[in-house]
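# Fold and contact review
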Amino acid sequence: MSPEEMSDRFARGYNRLAPVAEAVFERPYEPFFHESEVERVDGLTMSEGLNQLGMPVDERACIDAGFAGGFSAPVDRGAYTQGLRRLAISGGYSMGDIVRFRVNGGLQAVVEAILADARAEVLLHTAVERIEQIDGGVRIFAADGAAWIAKAVIVTAPVNAPSGIDFVPALSEAKRAMIDERQATQGCMLFVHLVGEHEP
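This write-up is about the structure you can find in this document. (Residues numbered from 1 in each chain as written. Predicted model: local features only at pLDDT ≥ 70, side-chain atom pairs only at ≥ 80, totals over all residues. Heavy atoms only, no water.)

Moving on, we get to the overall build of the chain. A count of helical and extended segments in the chain gives eight helices and four strands. Scanning the chain from its N terminus toward the C terminus, one meets helices and strands in the order α-α-α-α-α-α-α-β-β-β-β-α. Taking 16 Å as the expected radius of gyration for a compact globule of 200 residues, we find that the chain reaches 21 Å, considerably beyond that expectation. By principal-axis analysis of the C-alpha atoms, the chain measures approximately 60 × 50 × 25 Å. Long-range contacts, defined as pairs at least 24 residues apart, comprise 54% of the intrachain contacts of the chain with a sequence gap of at least 6. With an accessible surface of roughly 14,100 Å², the chain has 55% of that area assigned to carbon and sulfur atoms. (Helix = DSSP H or I, 4+ residues; strand = E, 2+ residues; numbered from the N terminus. Rg over C-alpha atoms; globule rule 2.2 N^0.38 Å. Contact = heavy atoms within 4.5 Å. Areas by Shrake-Rupley, 256 points an atom, 1.4 Å probe, with all protein chains shown as cover.)

Okay, here's the thing in structure tokens:
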């Protein structure tokens, strides 16, 4: 199909989905503002949630593809709540807009701005394998034998990574359940740069 037709199908699909996203996540940065609404859809996969909307096949194919890209997994592996919240946070922008707009200087510029603001020491290729609470703080151990003591630690590892870290004391049952379940992500991102002019 042409890019225009694809954009139209996406727009029609998102117009059906956006009111649901806004109802469940009226305040997307306060995800439990409507806790009963979240609970109502929390057990659904993205595919099951979309099934309830009765989209025509042409719209559904585009929406499935868009969310599969967002999840980096098939829509029957992604959570409906995650898809709805992502749409609510976007403030009306669609998946197409995610690839249409770019940050000036690329994501590397974002990383550099964060590091400049934080004025933090950065250690690359340093795998943390143990974090333990001690009196007045925490002790962090790296796989290469390095260790640090700090007042606190903020773990921002991707959901699928903490299973490789030994936490002492152990994390709560709910956190361990989330880590064991793992995130749906299965893919990787690939960019192809073409030389010359090409039709979309």
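Bringing the packing of aromatic side chains into the picture now. Counting across every chain of the model gives three aromatic pairs. When the ring of Phe 67 is compared with that of Phe 71, the centres are 6.1 Å apart and the planes differ by 35°; the resulting orientation is tilted. One end of the pair, Phe 67, and the other, Phe 71, are both in helix H4 (residues 57-71), four residues apart, so they sit about a helical turn from each other. With respect to burial, Phe 67 and Phe 71 carry one shared label: buried. (Phe/Tyr/Trp six-rings, centres within 6.5 Å; stacked < 30°, edge-to-face > 60°. Buried < 20%, exposed > 50% of the residue type's maximum accessible area, 1.4 Å probe, protein only.)

Our next topic: the nonpolar core. Leu 17, Met 46, Ile 63, Phe 67, Tyr 80 and Leu 84 are the most contacted members of the largest nonpolar core, which totals 23 residues. Contributions of two or more residues to this core are made by helix H1 (3-24), helix H2 (35-41), helix H3 (46-51), H4 and helix H5 (80-89). Ranked by the residues each element gives to this core, the list is headed by H1, at five residues. Ignoring sequence-local partners within four residues, the contact set of Met 46 consists of Leu 17, Phe 67, Phe 71, Val 75, Gly 78, Ala 79, Tyr 80 and Gly 83. (Core = buried A, V, L, I, M, F, W, Y, C linked by side-chain atoms within 4.5 Å.)

With that settled, the discussion passes to unusual backbone geometry. At the junction of Val 168 and Pro 169, the peptide bond is cis and its omega measures out at -5° in the coordinates. Positive phi, close to 55°, is recorded for Ser 72, a residue that is not glycine. With a phi close to 55°, His 125 is a non-glycine residue in the positive phi region. Secondary-structure assignment places His 125 in the loop between helix H7 (106-118) and strand S1 (128-134). Judged by its relative accessible area of 84%, His 125 falls in the exposed class.

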